[in-house]
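A closer look at the structure
One letter stands for each residue in the lines below.
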Amino acid sequence: MKAVLLARSSTAALLLALLSGCMQLGPASINRDRFDYGSAIGESWKQQALLNIVKMRYADSPVFVDVAQIVSGYTLQSTVSAGWGHNLGLHGPDSASLGLQGQYTDRPTITYVPQTGQQYLRGLLTPITPATVLFLIQSGYAADFVLSMTVESINGLTNRSAAPTRVNAGDAQFFELVQRVREVQRSGNIGMRVELDKAKKEATLLTFPRRQHSAEAQAQSAAIARLLRLEPHLGEYRVSYGMGVGGGNEIEMATRSLVQIMAELAETVEVPQTHLQEGSAYAAMPATPGALPLMRVHSGSTRPADAFAVASYRGN
């Protein structure tokens, strides 16, 4: 009987050890949970962004829901009990008992916050600042893509606009400008800085080094100055928000809001022909020569296997 009891105790201890090892609680759970939750939030953000862009093509309202908080709590409880009884010479065999009990609980609490109210609307409708556009370029993002997506006009040169209320094929000089800025960016001969003016307000300055690294860089900078009607010998120009023609030492940049950017991206969505025929989605404008394609969104009745992001809308 003692041998049987010892064997059962060893089995119970082994089961508890295996249970604890499989759960990987405590510090061992950080690597798993942190990256799993991070990946899930990243994928859901891409799906939400894509869905809102597609909805804009159908004149539907975009809706954003943020994951405000994640609290993940684990509980592992285990109990082992054993008993031995001797009959002290009375009739009947000795008795033995063994009990094993375990409980595992995972209670993640996720808080969602829908974006509503005045602050949300202001964030959608307020144009991004010219400084933000230049910071993106300074950070290494492709200048032609950034300018094509975020800027409506620079010193009177207008970008392509596909929004139904302001369809515009854009100026050929604008597309030439963004390509030349991209070439100068590749050579490293473009920069920016922010300083305080006399009124203690921030002023954004776009700079071109006086000493260019190559004749090609000098030619590109001179072409940019010509397109924007800038004084080429200055090498430093003040950038501000505006829809004027600028020139001299001034660059007036009319930037887009988040809603405007989403409307431009929505124009790249491949809408089913039946939706265009019934008028539930607006038609895309013809391609503009020289304009940089911002994105490509396909549609179909089945889920693709290798897409960057996938969202379902109106059965597609």
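Rules used throughout
- Residues numbered from 1 in each chain as written.
- Predicted model: local features only at pLDDT ≥ 70, side-chain atom pairs only at ≥ 80, totals over all residues.
- Heavy atoms only, no water.
- Axes fitted to C-alpha atoms, helices over the stretch in contact; angles between N-to-C directions.
- Helix = DSSP H or I, 4+ residues; strand = E, 2+ residues; numbered from the N terminus.
- Parallel < 35°, antiparallel > 145°, perpendicular 65-115°, else oblique.
- Left-handed = near helix turned anticlockwise from the far one by under 90°.
- Contact = heavy atoms within 4.5 Å.
- Core = buried A, V, L, I, M, F, W, Y, C linked by side-chain atoms within 4.5 Å.
- Buried < 20%, exposed > 50% of the residue type's maximum accessible area, 1.4 Å probe, protein only.
- Patch = residues over 30% accessible without salt bridge, like charges linked within 9 Å, V, L, I, M, F, W, Y side chains within 5 Å.
- Areas by Shrake-Rupley, 256 points an atom, 1.4 Å probe, with all protein chains shown as cover.
- Salt bridge = Lys/Arg side-chain N within 4 Å of Asp/Glu carboxyl O.
- Pairing = 2+ DSSP bridges.
- Phe/Tyr/Trp six-rings, centres within 6.5 Å; stacked < 30°, edge-to-face > 60°.
- Lys NZ or Arg CZ within 6 Å of the ring centre and 35° of its normal.

As a packed pair, helix α4 (residues 130-138) and helix α5 (residues 143-150) sit with axes 9 Å apart at the nearest point and diverge in direction by 160°. Of the possible angle classes, the one that applies to α4 and α5 is roughly antiparallel. Read as a crossing pair, α4 and α5 show a hand that is right-handed. Across the interface between the two elements, V133, L136 and I137 of α4 pack against A143, V146, L147 and T150 of α5.

In terms of nonpolar packing, the biggest core is built from 28 residues, with L147, I154, L177, L228 and I251 touching the most fellow members. The element best represented in this core is helix α6 (residues 172-187), accounting for six residues. Sequence-distant contacts of L177, that is, excluding residues within four places in its chain, are made with I154, L157, I224, L227 and L228. Formed by 22 residues, the second largest nonpolar core is a distinct cluster that contains L50, L124, L265 and A281.

Turning our eyes to something else, we now look at a nonpolar patch on the surface. Residues I41, V63, V65, V67, I110 and Y112 make up a contiguous nonpolar surface patch of roughly 470 Å² in combined accessible area. When contributions to the nonpolar patch are tallied by element, the ones reaching two or more residues are β1 (65-85) and β2 (95-114). Looking at the element boundaries, I110 is found in strand β2.

With mixed pairing, the six strands of this open sheet are ordered in space as β4-β3-β8-β7-β6-β5. Each edge of the open sheet carries a strand with a single partner, namely β4 (157-158) and β5 (191-196). Sheet topology places β5 next to strand β6 (residues 202-207); six bridges connect them, and they run antiparallel. Note on β6: the bridge partner recorded for E195 is A203.

This part covers unusual backbone geometry. If you check the backbone angles, N155 has positive phi at about 45° while not being a glycine. By secondary structure assignment, the location of N155 is in the loop between β3 (151-154) and β4. Positive phi values are uncommon outside glycine, yet R229 reaches one of about 60°. Exposure remark for R229: the relative accessible area of 41% places this residue in the partly exposed category.

What follows concerns the packing of aromatic side chains. Going through the model one piece at a time under the given rule, you end up with three aromatic pairs. On the numbers, 5.9 Å between centres and 90° between planes, the contact of F174 with F175 is edge-to-face. The exposure classification of F174 matches that of F175, with both residues buried. Looking at K46, its charged tip hangs above the ring of F308, at a distance of 4.0 Å from the centre. Taking NZ or CZ as reference, R57 lies 5.2 Å from the ring centre of Y282, over its face.

Our next topic: the pattern of salt bridges. Scanning the model with the defined rule gives six salt bridges in all. Here R256 and E152 are joined by a salt bridge, their closest N and O atoms 2.6 Å apart. Highlighted residues: R256 in the loop between β8 (250-255) and α8 (258-266) and E152 in strand β3, separated in sequence by 104 residues. In terms of burial, R256 and E152 fall into one category: buried. Linking R226 and E176 is a salt bridge whose minimum nitrogen-to-oxygen distance equals 3.4 Å. Separated by 50 residues along the polypeptide, R226 in helix α7 (residues 215-228) and E176 in helix α6 bring together distant segments of the chain. Among the charged side chains, a network of salt bridges with common partners joins E176, R180 and R226.

Further remarks concern the environment of L227. Along the chain, L227 falls in helix α7. Overall, the relative accessible area of 7% leaves L227 in the buried class. Measuring from C-alpha to C-alpha, the distance between L227 and I154 comes to 9.8 Å, with 73 residues separating the pair along the chain. Those residues in contact with L227, other than ones at most four positions away along the chain, are L157, Q173, E176, L177 and R180.

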